[in-house]
Amino acid sequence: MLEDGLSYPVRGDWIGRVIIGGVLGFLSFLLIPAFALMGYLVQVLETTVAGAEDPPEFEAWGDLLVKGIVATAIALAYTIVPLLVYFVFVFVVLGAGGAIGGDAGALVGSLGAIAALAFLPVLFLVYYAVPAALTAYAARGSAGAAFDVSILRPVLFSTEYLVAVLLPIVVTFVLWIATLVLAVTVVGIVLLPFLQFYGQVAIFRMFGTAFASVSDRVTLGGSGTASAAV
């Protein structure tokens, strides 16, 4: 999976593709390029699940924008809701401990402090779930699929998906080192968006491969690609 993911971004006519992706990454602060880039990454997931060996080209920009906006909304939903519930729980428990006072209040406050230490595990759970949700959306072409437990359960509890989640952490670490090296020079700084695009495509390829290998619930449109229906 790692070798396939790392070689995937430079298959076919990759130079033009990487240039476009790097430029979009550089202009992501304008939002529209960011949505287009996210839409392309969704298309990487979609075509990977469909069995394609080469990355998709940058085409149908309107479709990419729609997919990018929907995918961003899905990612935000998976991020904001769990974190909001978590912070409300910690706030309520700590507040209750202060209101009760005494030994009982100290005990409740201690439980709240312990719960506060669970912040990183909560973040990891979000990081773990979002790629599967985005791949379900990409494969089905429906935002509802990103929240369909029957689709997500076999993926989330598979060894293949766990590996696909852990490997990008290694890739990200290597890219971080490369980023530090490139940041030393002006030329290196210019190359950073293109390196980041390469890493994103490789990582999304791994997610798509893992999803396809364990999920037999994915159905695609008659043309082999899913639409961007919400």
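For the structure itself, consult the block above.
A few points on the structure. All of these numbers come straight from a predicted model, not from anything done at the bench. Every residue gets a number counted from 1 within its own chain, in the order that chain's sequence is written. Under the rules for a predicted model, residues below a pLDDT of 70 receive no local features and side-chain atom pairs below 80 are neither given nor counted, while totals for whole chains, interfaces and linings still include all residues. Side-chain calculation: all heavy atoms of the structure are included, whereas hydrogens and water are not.

## Digging into the overall build of the protein chain
- Secondary structure is summarised from DSSP: a helix means a run of H or I of at least four residues, a strand means a run of E of at least two, and numbering begins at the N terminus for each. A tally of regular secondary structure across the protein chain gives nine helices and zero strands.
- Ordered by position from N to C terminus, the α and β elements of the protein chain give α-α-α-α-α-α-α-α-α.
- A buried classification covers 41% of the 230 residues belonging to the protein chain.
- Contacts are assigned to residue pairs with any non-hydrogen atoms lying within 4.5 Å of each other. Taking the contacts inside the protein chain whose residues are at least 6 apart along the sequence as the reference set, 78% of them involve residues at least 24 apart. Buried, partly exposed and exposed residues are distinguished by accessible area as a fraction of the type maximum, computed with a 1.4 Å probe on protein chains only: under 20%, between the cut-offs, and over 50%, respectively.

## Brief notes about the side chain of Ser158
- Take Ser158: it is sitting in the loop between α7 (149-156) and α8 (159-182).
- The exposure class of Ser158 is buried, given its relative accessible area of 10%.
- Residue contacts for Ser158: discarding those within four places in its chain leaves Tyr128 and Val214.

## A closer look at helix α2 (residues 14-26)
- Here the expected span of a helix is defined as 1.5 Å times the quantity of residues minus one. Relative to the 18 Å expected for 13 residues at 1.5 Å per residue, α2 spans 18 Å between its end C-alpha atoms, a close match to the ideal helical length.
- Looking at α2, one finds that the buried residues are Arg17, Val18, Gly21, Gly22 and Leu24. The arc that holds the buried residues of α2, viewed along the axis, is 160 degrees, so those residues lie on one side. Throughout, the arc means the angular range of directions from the helix axis out to the C-beta atoms.

## What to know about the pattern of salt bridges
- Every case where a carboxyl oxygen of Asp or Glu lies within 4 Å of a side-chain nitrogen of Lys or Arg is listed as a salt bridge. Tallying each qualifying case throughout the model produces seven salt bridges.
- The partner of Asp4 in a salt bridge is Arg205, and the shortest N-O contact between them spans 2.9 Å. You can see Asp4 sitting in helix α1 (residues 2-7) and its partner Arg205 sitting in helix α9 (residues 186-214), a full 201 residues away along the chain.
- Residue class for Asp4 comes out partly exposed when judged on its relative accessible area of 21%.

## Some words on the packing of helix α3 (residues 32-50) against helix α6 (residues 119-140)
- Angular values range over 0 to 180 degrees, each being the angle between N-to-C directions of two axes fitted as lines to C-alpha atoms, with helices fitted over their stretch in contact. Between α3 and α6, the least distance of the axes is 8 Å, while the angle of their chain directions is 65 degrees. Between α3 and α6, the crossing angle belongs to the class labelled roughly perpendicular. Here α3 runs over α6; the crossing is right-handed. Every residue of α6 that contacts α3 at Val42, Leu45, Glu46 and Val49 is listed here: Leu134, Thr135, Tyr137, Ala138 and Ala139. Comment on the angle field: the value is read as roughly parallel under 35 degrees, roughly antiparallel over 145, roughly perpendicular from 65 to 115, and oblique elsewhere. Should the near helix be turned counterclockwise from the far one by less than a right angle, the crossing is left-handed, whereas a clockwise turn marks it as right-handed.

## A short note on unusual backbone geometry
- Despite not being glycine, Leu31 shows a phi value in the positive range, around 75 degrees.
- Within the fold, Leu31 resides in the loop between α2 and α3.
- On the basis of relative accessible area, Leu31 is assigned to the exposed category, the value being 51%.
- For Ala60, which is not glycine, the phi torsion reads 50 degrees and is therefore positive.
- If you trace the backbone, Ala60 turns up in the loop between α3 and α4 (61-100).

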